[in-house]
Amino acid sequence: MDHIYYILIPLLVGWFADSLLGDPSFLPHPIVGFGKIISLGEKRLNNGNDRVCKGAFFAVSLIALTFYLCYELIKFADSLEPLLAIIISTILVFYCLAGRTLRKEVKNVFEASNESISKARKQVSRIVGRDTSELSIDNIRRAALETLAENLSDGVIAPLFYFAVLGVPGMVAYKMINTLDSMIGYKNDRYYYFGRWAARIDDIANYIPARITAFLIVLAQGIPEGSLKFVKKYGTKHSSPNSGYPEAALASILDCRFGGPNKYFGREVEKPFIGTNEREITMDDMKLSIAINEKAEIIMVIAVLVVRIII
């Protein structure tokens, strides 16, 4: 079978399936398996001395093993039947993308915010790491849009970037990197040492995708005047070296302010503000943000297709 079909079918069908289905609750998800492996390893290794070294070995080993096993699985399937390799690759692409689910969760937050603050707080707690128990309606909506921008990078653009660079194994290995960071990459008492390498690897892996995401967000809106300067100015105003860029891009389009202090694990965390226009976030902001999110995703899929075909 022509090599081009190993690229076109998995990417297009996998992406279309995610756009149509999201993450169906009735299907087992490999990321859940990643989480169980990480949890088990963390409980066994995150104790005693040399936690930084043990965490480094744990993170690097899991990432390398994930890439290797995925590569060998597809290679073995191809030796049996090329169509089987394409089917497996397509399923893996589907599982590595989270565009529809992200947009659905953000819409649910805004809909809940129209009903009651308690329901909105509960809904937004599904997609953010901060303490939501004291958030106002406006801060709930703001948190949802910040997550929409940040996770466009983590859940869509970065996986597609690694598909372009390293194929399906690279895409799956990136999801392991991202899952490691989301589980043990915190600067709290439990993970400060053990999760240090997981967090740093995630920072490195997301460096280019985060900046691509920021550009795609402003490109999806036609690159409004001053938007790129805004991103350059405020992209670094975040505790993460990467998350600030997509957030700044969306804030520039909406002419609003993101960031600021929040509570994480019971502690007040000071974060710089991204933008200066402290206005209320509306339902129209959500609708525009969702539309930009979808356009940016489509542009990235087209770009990845072109790059992979050229390679």
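Each residue is numbered by its place in its chain's sequence as written, counting from 1. Predicted model: local features are reported for residues with pLDDT of at least 70 only, side-chain atom pairs are reported and counted for 80 or more only, and whole-chain, interface and lining totals are derived from all residues. Based on all heavy atoms of the structure, the side-chain values leave hydrogens and waters out of the count.

1. Description of the overall build of the chain
Here is step 1: Helix and strand counts for the chain stand at eleven helices and four strands.
Here is step 2: Taken along the three principal axes of its C-alpha coordinates, the chain extends 60 × 50 × 40 Å.
Here is step 3: Going through the 311 residues of the chain one by one, you find that 50% of them count as buried.
Here is step 4: Accessible surface is estimated by sampling points in the Shrake-Rupley manner with a 1.4 Å probe; for residues, cover comes only from the protein chains shown. As displayed, the chain offers around 15,500 Å² of accessible surface, 60% of which is attributable to carbon and sulfur atoms.
Here is step 5: Neither His nor the chain ends is counted toward charge; the positive residues are Lys and Arg and the negative residues Asp and Glu. Each charge is placed at NZ for Lys, CZ for Arg, CG for Asp and CD for Glu. Considering the chain, the positive charge centre built from 35 side chains and the negative charge centre built from 32 side chains are found 3 Å apart. Secondary structure elements are defined from DSSP: runs of H or I of at least 4 residues count as helices, runs of E of at least 2 residues count as strands, and each element is numbered from the N terminus. For every residue, the accessible area (1.4 Å probe, protein chains only) is compared with the maximum for its type, and the residue is labelled buried under 20%, exposed over 50%, or partly exposed between those bounds.

2. Remarks on helix α8 (residues 196-220)
Here is step 1: To estimate how far a helix should extend, the number of its residues minus one is multiplied by 1.5 Å. With 25 residues, α8 extends 35 Å between its outermost C-alpha atoms, agreeing within 8% with the 36 Å of an ideal straight helix rising 1.5 Å per residue.
Here is step 2: Of all bends in α8, the biggest is about 45°, found at asparagine 206, and the proline proline 209 comes one to four residues later.
Here is step 3: A positive phi of about 85° marks glycine 222, the residue just after α8. To get the bend at a given residue, fit one axis to the seven residues ending there, fit another to the seven starting there, and take the angle between those axes.

3. Quick look at the packing of aromatic side chains
Here is step 1: Two rings from Phe, Tyr or Trp (for Trp, the six-membered ring) form a pair when their centres sit within 6.5 Å of each other. Planes less than 30 degrees apart are called stacked, planes more than 60 degrees apart edge-to-face, and all others tilted. Throughout the structure, instances matching the rule amount to seven aromatic pairs.
Here is step 2: Between phenylalanine 58 and phenylalanine 194, the aromatic rings sit 5.8 Å apart at their centres with planes inclined by 35°, giving tilted as the arrangement. Here phenylalanine 194 lies in the loop between α7 (137-184) and α8 and phenylalanine 58 lies in helix α3 (residues 51-80), a separation of 136 residues in the sequence.
Here is step 3: Assessed through its relative accessible area of 0%, phenylalanine 194 is described here as buried.
Here is step 4: We count a charge as sitting over a ring when the NZ of a lysine or the CZ of an arginine lies within 6 Å of the ring centre and within 35 degrees of the ring normal. For arginine 257, the ring lying beneath its charged end belongs to phenylalanine 273, and the centroid distance is 3.6 Å.
Here is step 5: Over the ring of phenylalanine 163 we find arginine 308, and its NZ or CZ is 5.7 Å from the ring centre.

4. Points about the nonpolar core
Here is step 1: The criterion is simple. A nonpolar core is a set of buried Ala, Val, Leu, Ile, Met, Phe, Trp, Tyr and Cys residues joined through side-chain atoms within 4.5 Å. By size, the foremost hydrophobic cluster in this structure holds 84 residues, and its most contacted members are Val106, Leu145, Leu160, Phe163, Val168, Leu180 and Phe258.
Here is step 2: Looking at this core, the element that brings in the most residues is α7, giving 24 residues.
Here is step 3: Apart from residues lying up to four places away in sequence, valine 168 is in contact with Cys70, Ile74, Ser89, Leu92, Val93 and Phe163. The contact criterion used throughout is that any non-hydrogen atoms of two residues lie within 4.5 Å.

5. Quick notes on the packing of helix α2 (residues 30-45) against α3
Here is step 1: The geometry of α2 relative to α3 is characterised by a closest axis approach of 11 Å and an angle of 155° between their N-to-C directions. As summarised for this structure, α2 and α3 are arranged roughly antiparallel, according to the angle between their axes. Considering how the two elements wind past one another, α2 and α3 form a crossing that is right-handed. Contacts between α2 and α3 pair Phe34, Ile37, Ile38, Gly41, Glu42 and Leu45 from the former with Lys54, Phe58, Leu62 and Thr66 from the latter.
Here is step 2: Amino acids outside the nonpolar list (Ala, Val, Leu, Ile, Met, Phe, Trp, Tyr, Cys, Pro) and the charged list (Asp, Glu, Lys, Arg) are all regarded as polar, and Gly is one of them. Looking at the contact of α2 with α3 residue by residue, the classes come out as six nonpolar, two polar and two charged. Where helices are involved, their axes are fitted lines through C-alpha atoms of the stretch in contact, as for all axes, and angles between N-to-C directions lie from 0 to 180°. The scheme is simple: roughly parallel for angles under 35 degrees, roughly antiparallel for over 145, roughly perpendicular for 65 to 115, oblique for anything else. Helix crossings fall into two classes, left-handed where the near helix is turned counterclockwise from the far one by less than a right angle and right-handed where it is turned clockwise.

6. Concerning the pattern of salt bridges
Here is step 1: Any Lys or Arg side-chain nitrogen found within 4 Å of a carboxyl oxygen on Asp or Glu counts as a salt bridge. Within this structure, the stated rule accounts for nine salt bridges.
Here is step 2: Residues arginine 103 and glutamate 297 are paired through a salt bridge, measuring 2.9 Å at the closest nitrogen-oxygen approach. With arginine 103 in helix α5 (residues 99-113) and glutamate 297 in helix α11 (residues 283-310), this pair connects stretches of sequence that are 194 residues apart.
Here is step 3: Notably, a salt bridge pairs arginine 126 with glutamate 105, separated by 2.6 Å at the nearest N-O pair.

7. As for a nonpolar patch on the surface
Here is step 1: Together, Tyr5, Ile9, Leu12 and Val13 give the surface a local cluster of nonpolar side chains, amounting to about 310 Å² of exposed area.
Here is step 2: Positionally, valine 13 belongs in helix α1 (residues 5-21).
Here is step 3: Of the residues examined, valine 13 reaches a relative accessible area of 42% and is grouped as partly exposed. Candidates for patches are residues over 30% relative accessible area with no salt bridge; among them, like charges are joined within 9 Å and nonpolar side chains (Val, Leu, Ile, Met, Phe, Trp, Tyr) within 5 Å.

8. Remarks on unusual backbone geometry
Here is step 1: Of note in the backbone geometry, isoleucine 223 takes a positive phi value of approximately 50° without being a glycine.
Here is step 2: Structurally, the position occupied by isoleucine 223 is in the loop between α8 and α9 (227-234).
Here is step 3: For aspartate 255, which is not glycine, the phi dihedral falls at a positive 55°.
Here is step 4: Topologically, aspartate 255 is positioned in the loop between α10 (244-254) and β1 (258-259).
Here is step 5: Accessibility expressed as a relative area gives 47% for aspartate 255, which makes it partly exposed.

9. Looking at the confidence of the model for the chain
Here is step 1: This prediction gives the chain a mean pLDDT of 93; 97% of its residues lie at or above 70.
Here is step 2: pLDDT gives the predictor's per-residue confidence on a scale running from 0 to 100. Here strand β3 (residues 267-269) is the element of the chain with the lowest mean pLDDT, 69, and α8 is the one with the highest, 98.

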